[in-house]
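If you want the building blocks of each chain, they are given just below.
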Amino acid sequence: MNAGLFLGRFHPVIVHLPIGFLLLAVLLEIYARKTSHKKLDSAISFALLLGFISGLVAVFLGFLISAEGGYDGRLLNWHRLSGIAVSVIAFLCWLIKSGNISTPDLTYLFLTGLLVISLITTGHFGGMLTHGNDYLLSSAPEFVRHLFKIENKKDVYNLPSVPDSLIIYRHLIQPVFEKNCNHCHNPSQKKSDLLLNTYEDLMAGGESGLVIEPHSPFQSELFRRVTLPQSDSKFMPPKGLPLTYGEIQILRWWIEEGASISARLNDHKIPDDIKQILLSEFEYDTSPKSFVEIHQVPEPQEENLILLEKNHFTHGFLSINSYFLDVRFNTASIEMKNLEALQPVSEQVTWLDLRNTGLTDDMLTQVGNLPNLTRLRLDGNPVTEKGIAYLESLNRLEILSLYHTEVSKECLKSLIKLPNLKKLYLGKTRVITDDIAQIQRSKPDLEIVLDLQFSKSAKTL
Amino acid sequence: MKKDIAFDHRLKTTTRRHFLKSSSIGLGAIALGMLGGNELFGKTSSFSLKNPLPDFIPTAKRVIYLHMAGSPSQLELFDYKPELMRLNNQLCPPSLLEGKKFAFINGTPKLLGPLSRFKQHGDSGAWISDYLPYFSNVADEVCFLKAVHTDEFNHGPAQLFLYTGSPRLGRPSMGSWVTYGLGSENENLPSFIVLVSGGKTPSAGKSAWGSGFLPSVYQGVQCRSHGDPVLYISNPEGVGRELRKKSINTINKINRSHYDEINDPEILTRISQYEMAFNMQISVPDEMDISQEPDYIHKMYNTEPGKNSFANNCLLARRMAERGVRFIQLYHWGWDAHGVAKSEALNYGFLDRCREVDQPMSALIIDLKQRGLLEDTLIIWSGEFGRTPMMENRGGNDNPFLGRDHHIDAFTVWMAGGGVQPGFTYGQTDEIGYYGISGKVHIHDLQATILHCLGLDHEKLTYPFQGRDFRLTDVHGKVVKEILV
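Residues numbered from 1 in each chain as written. Chains lettered and ligands numbered in written order. Predicted model: local features only at pLDDT ≥ 70, side-chain atom pairs only at ≥ 80, totals over all residues. Heavy atoms only, no water.

## Quick look at the overall build of chain B
Scanning chain B from terminus to terminus reveals 14 helices and 17 strands. Partitioning the intrachain contacts of chain B with sequence separation of at least 6 by distance along the chain shows that 77% fall at a separation of at least 24. For chain B, the accessible area works out to roughly 18,400 Å², and carbon and sulfur atoms hold 52% of it. (Helix = DSSP H or I, 4+ residues; strand = E, 2+ residues; numbered from the N terminus. Contact = heavy atoms within 4.5 Å. Areas by Shrake-Rupley, 256 points an atom, 1.4 Å probe, with all protein chains shown as cover.)

Set out below in structure tokens:
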């Protein structure tokens, strides 16, 4: 049993007593003055005394519960100060009201006003401590939020949208110091002679020497301090919230990579665990975006879409926010004039499915004219490398399926020129494993899928 | 805004979802949408224009859901627990039993070590047991969710919970929500097809693929691999295709005038289903005829045309995926390994089930991959819950065979293709596989993630019913972004 903590936890209950007593006193005071009820004075004085006493108890319990730790230090400090102020002012008011001292009425009025203000601020700080900083206004109307500059976590970090421009120190490390460390390690407080306001200050270290050892997080005093057990007297920060798991991991990674001021997110290979942390704690998606997710195209003309339908194409936009088109041919016999219907929407067509349509080599000239094509399916058509040569200009093409076509290894000469090709399906063609060795060497990121089967080791139970 | 024409166009493209919300006349427009492009009306394909658009760019266009009805033991297949092996046959500590409810376990059961042997497979090093020798070939194509949990410990409610988001009857199933949200890619086939093997339909019955309060046009259609693929799909003797066409035309004319009179949207569903059935008379027998497949494919899947088997259904699933069926749901019955009888013992009947599914489900992944279809097809494999690390002791006595009870707190689900990270394992359970300790995924999270892959925001895919907007994930669900590509 921990008696202090046990009693301390009654703090949230007891605090409501001074609030009630003192507000009642103020209300009675207003009522008495409005209606000239002099008789109420003794009641007001009684309420003030009760408020003062219960306030003292609340302050005492508050000290007990704050020993538990885990609160934002700065906020706790303000809450404590204003709480004590409430008791002190209540005591003064009682002294005046009960006639123990006499002052001009104006002083009494001023003190009552101050009492109300400190009651409200104490209560508000207390609420922020238990419910979080933005609890009160996080659901408030937009203009109120704007008025009070309510920020959410993302705003604190304020990350740029592309990984290229995300500077690890400035966007991920410094904000952590500002949030958790700077109230002690700043030019006015300078705890242990360590400043954490700028990169230079950080690297200059404190009274016990350097706090960051580039490339070795576990030799870095700062990293050691924030990862000690919380019960350790050297644990940082001593008051307030500890660093989160994600913040610590990103700090570790940054030190490992050399603790540079200018390193960008993309300068280093991002390890998978850091990617996960960026995603789950910072809602920052580092996965490469495909062309259609980054770019936009103008809306296609209605009559051009109708023209597509007349030529047996099914089509749909990729999503409600995109004018890129996903197009599929519907019958088993395609003709050149059908494909010509793609030209008016050549900018928009990005996924094209021409599977099993009887498409021939010469028709691919039309397909080669679709500059924004990212996925193309030509499976089950009698096309050869002659036709594939027409596709050389498809700079955006990411996925190409030639499953069950007539192409031979000659087609690889054209396909190697496609800068963005990521997946190539060549099963049931004349291309064999030996043919693709060379292209695999020059384009290691390109995944080529040939005929697949179970490996020899697969056996029945 | 400069996008006035665009906006206009969008309105047209989103009619189905939006009009459904506002009025029954709208509902008519939607059902009519299903008729677009039908040969009976002599229209060319305007079908896709009527399809609603996804909320964002999808990574999967269709789903193949492989459901192991009865729920296999994750501890014999994927969740390797050497510690549990060490504790084999020891009494379960009371701390694990306090306040827990089990379907059958009574008193203090013993812990049961894994019966299978585990090895790491592929570059990803995924743990897969020797109960699934074929599947270990495709370890690098699959994303394992190791700490999935659910709310229901009995088969029927748990299946309903998984597919409809509620353990009670009445809600639309996942496939219905998806086809409602995305429409069809093939006007000659139902966009939600169900195939059942293993001798029994799942415990939740046909409600697992029902449309609930969505228009019945979105319900799953069960196809059979034996006899008529869809009941009564053949014309009766003496009725030719011409006559059938004429009679359907006439019936629909009458139905339409009836609809004009009373505006009941279910009449439009009926009309469209007549049209669809007429098209299906040609398209379904062709789609369901796996004898057209070459020998090496039959060898790969271990299929035997004409039989009702999970293998045949896997091959059918691939044929349906090729033809643009949106949601393909397979059920294989018989995984409920309690150990009460030999047919459901972990070392007998359970092993038979493994043999039945191992090769075909692995073949399905490989086959879709070589055709480039794994790119935009999402495969999900799961039971409705998991199994306990404890040996079942029904009524407080040891069962005659080795078995495990139903377990809701942690089980393994795998996914492949369609935008999930291949060769990735997410989540972890404790040393004996009793609780998830990291990367926990609730059934509602799984549902949200599946919809996300299809480009649907699970919070926006709603349908107003009895005074409030319903969704598949009810008021829960968080997309598991960590497993997405």
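## Describing empty space enclosed by the protein
Per the stated rule, a full pass over the model turns up four cavities of 30 Å³ or more. Here the largest cavity defines a volume of roughly 130 Å³. Taken together, 13 residues make up the lining of the largest cavity; nearest its centre are A:Trp351, A:Arg375, A:Arg377, B:Lys61 and B:Asp376. Looking at the lining of the largest cavity, the elements with two or more residues in it are strand E3 (349-353) and strand E4 (375-377) of chain A. Of the residues contributing to the lining of the largest cavity, the split by class is four nonpolar, no polar and nine charged. (1 Å grid on protein atoms, 1.4 Å probe; cavity = no way out; pocket = protein on both sides within 12 Å on 5 of 7 lines; lining within 4 Å. Points joined across faces, edges and corners; volume = space filled by probe spheres on them. Nonpolar A, V, L, I, M, F, W, Y, C, P; charged D, E, K, R; others polar.)

## Section: the environment of B:Gly334
Residues and elements named next belong to chain B. In this structure, Gly-334 sits in the loop between strand E7 (327-333) and helix H13 (349-370). Look at Gly-334 and you get buried, because its relative accessible area is 14%. Taking the C-alpha atoms as reference points, Gly-334 and Gly-418, separated by 84 residues in sequence, lie 28 Å from one another. Setting aside residues no more than four positions away along its own chain, Gly-334 makes contact with Ala-69 and Arg-353. (Buried < 20%, exposed > 50% of the residue type's maximum accessible area, 1.4 Å probe, protein only.)

## Quick notes on the sheet that holds E3(A)
Residues and elements named next belong to chain A. Spatial ordering of the open sheet is given by E1-E2-E3-E4-E5-E6-E7, a layout of seven strands whose pairing is mixed. Where the open sheet ends on each side, the last strands, each with one partner, are strand E1 (313-317) and strand E7 (447-449). On average, each strand axis in the sheet is inclined to that of its neighbour by 15°, with strand direction left out of account. With three bridges joining them, E3 and E4 adopt parallel strand pairing. Along E4, the bridge assignment pairs Leu-352 with Leu-376. (Pairing = 2+ DSSP bridges. Axes fitted to C-alpha atoms, helices over the stretch in contact; angles between N-to-C directions.)

## Some thoughts on the packing of helix H10 (residues 265-288) of chain B against helix H12 (residues 310-322) of chain B
To describe two helices that pack against each other, one gives the angle between their axes and the distance between the axes. All names here are of chain B. Look at H10 against H12: their axes get within 9 Å of each other, and the N-to-C directions meet at 130°. One element, H10, and the other, H12, form an angle in the oblique class. Residue-level inspection shows Asp-286, Glu-287 and Met-288 of H10 in contact with H12, the latter providing Leu-316, Arg-319 and Met-320. In terms of residue class, the contact of H10 with H12 is made up of three nonpolar, no polar and three charged. (Parallel < 35°, antiparallel > 145°, perpendicular 65-115°, else oblique.)

## With respect to the environment of B:Leu91
Residue and element names in this part refer to chain B. Note on placement: Leu-91 falls in the loop between helix H6 (82-86) and strand E2 (118-121). For Leu-91, a relative accessible area of 57% translates into the label exposed. Along the primary structure Leu-91 and Leu-374 are separated by 283 residues, whereas in three dimensions their C-alpha atoms are 45 Å apart. The contacts of Leu-91, once residues within four sequence positions are left out, are Thr-108, Pro-109 and Lys-110.

## Remarks on the nonpolar core
Residue and element names in this part refer to chain B. Counting 61 residues, the largest nonpolar core has Leu-66, Phe-135, Ile-379 and Trp-414 as its most contacted members. At 10 residues, H13 tops the list of elements feeding residues into this core. Tyr-65, Leu-145, Val-420 and Leu-472 belong to the second-largest nonpolar core, a separate cluster that totals 54 residues. (Core = buried A, V, L, I, M, F, W, Y, C linked by side-chain atoms within 4.5 Å.)

## With respect to the interface of chain B and chain A
With 46 residues of chain B in contact, the opposing surface of chain A contributes 46 residues. Both sides together, the interface formed by chain B and chain A hides about 4,200 Å², and carbon and sulfur atoms give 54% of it. Counting across the chain B and chain A interface gives five salt bridges. At the boundary of chain B and chain A, one finds 12 residue pairs in polar contact (both at pLDDT 80 or more). Counting only elements with at least two residues in the side of chain B that touches chain A, the list comes to helix H1 (4-13), helix H4 (47-50), helix H11 (295-301) and H13 of chain B. Looking at the side of chain B that touches chain A residue by residue, the class counts come to 19 nonpolar, 12 polar and 15 charged. (Buried area = accessible area lost by both parts, 1.4 Å probe. Salt bridge = Lys/Arg side-chain N within 4 Å of Asp/Glu carboxyl O. Polar contact = N/O pair within 3.5 Å; in protein donor to acceptor, adjacent residues only side chain to side chain.)

## Describing the packing of H12(B) against H13(B)
All names here are of chain B. Contact pair H12 / H13: the axes reach a minimum separation of 8 Å and the direction vectors enclose 15°. For the element pair H12 / H13, the angle class is roughly parallel. When the axes of H12 and H13 are compared, the crossing they make is right-handed. For the pair H12 and H13, the contacting residues are Phe-310, Ala-311, Cys-314, Arg-318 and Ala-321 in the first and Glu-356, Val-357, Pro-360, Met-361, Leu-364, Asp-367 and Leu-368 in the second. Residue composition of the contact of H12 with H13, by class: nine nonpolar, no polar and three charged. (Left-handed = near helix turned anticlockwise from the far one by under 90°.)

## Some thoughts on the packing of aromatic side chains
All chains considered together, the criterion is met by 35 aromatic pairs over all chains. A ring pair is formed by A:Phe52 and A:Phe91, whose centres lie 4.8 Å apart and whose planes are at 40°; its orientation type is tilted. With a gap of 39 residues between them, A:Phe52 in helix H4 (residues 41-66) and A:Phe91 in helix H5 (residues 73-97) connect regions that are remote in the sequence. With relative accessibility at 15%, the residue A:Phe52 sits in the buried group. A centroid spacing of 6.0 Å and a plane angle of 5° characterise the contact between B:Trp381 and B:Trp414, whose relative ring orientation is stacked. With a gap of 33 residues between them, B:Trp381 in strand E8 (residues 377-382) and B:Trp414 in strand E11 (residues 411-417) connect regions that are remote in the sequence. Note on accessibility: B:Trp381 and B:Trp414 belong to one class, buried. Cluster of aromatic residues (ring-pair linked, three or more members): B:Trp177, B:Tyr180, B:Phe213, B:Tyr218, B:Tyr463, B:Phe465 and B:Phe470. Against the face of B:Phe144 rests B:Lys146, its NZ or CZ located 6.0 Å from the ring centre. The ring of B:Phe470 is capped by B:Arg468, whose NZ or CZ atom sits 4.0 Å from the centre of that ring. (Phe/Tyr/Trp six-rings, centres within 6.5 Å; stacked < 30°, edge-to-face > 60°. Lys NZ or Arg CZ within 6 Å of the ring centre and 35° of its normal.)

## Some details on a nonpolar patch on the surface
Residues and elements named next belong to chain A. On the surface, Phe-63, Ile-84, Val-88, Phe-91 and Leu-92 cluster together into a nonpolar patch covering about 380 Å² of accessible area. Top element by residues in the nonpolar patch is H5. It accounts for four residues. Among the secondary structure elements, Leu-92 is positioned in helix H5. Overall, Leu-92 belongs to the partly exposed group, its relative accessible area being 33%. (Patch = residues over 30% accessible without salt bridge, like charges linked within 9 Å, V, L, I, M, F, W, Y side chains within 5 Å.)

## Things to note about helix H8 (residues 174-182) of chain B
All names here are of chain B. Within H8, nine of the nine residues are buried, which leaves the element mostly enclosed by the surrounding structure. All buried positions along H8 are accounted for by Met-174, Gly-175, Ser-176, Trp-177, Val-178, Thr-179, Tyr-180, Gly-181 and Leu-182. Directly after H8, the chain includes Gly-183, whose backbone phi takes a positive value near 75°.

## Some details on unusual backbone geometry
Residues and elements named next belong to chain A. In this model, Met-236 is joined to Pro-237 through a cis peptide bond whose omega is -10°. For Pro-237, the position within the fold is in the loop between helix H11 (221-227) and helix H12 (245-256). In this structure, Asp-193 is a non-glycine residue whose phi angle is positive, near 60°. The exposure class assigned to Asp-193 is partly exposed, which follows from its relative accessible area of 48%.

## Some remarks on helix H14 (residues 443-453) of chain B
All names here are of chain B. Judged by how many residues are buried, H14 sits mostly within the fold: 10 of 11 residues are covered. Those residues of H14 that sit buried are Ile-443, His-444, Asp-445, Leu-446, Gln-447, Ala-448, Thr-449, Ile-450, Leu-451 and Cys-453. Looking one or two places after H14, you find Gly-455, whose phi comes out positive at around 85°.

## Brief notes about the pairing of E2(B)
Residues and elements named next belong to chain B. When E2 meets strand E3 (residues 126-129), the two strands line up antiparallel, connected through four bridges. For Lys-119, the partnering residue across the bridge sits in E3 and is Ile-128. Connecting the antiparallel pair E2 and E3 is a turn made up of four residues, with Gly-122 showing a positive phi of about 70°.

## Focus on the pattern of salt bridges
Within the structure shown, the criterion is met by 41 salt bridges over all chains. In this structure, a network of salt bridges that share partners links the residues B:Glu293, B:Arg318, B:Arg319, B:Glu322, B:Asp367 and B:Arg371.

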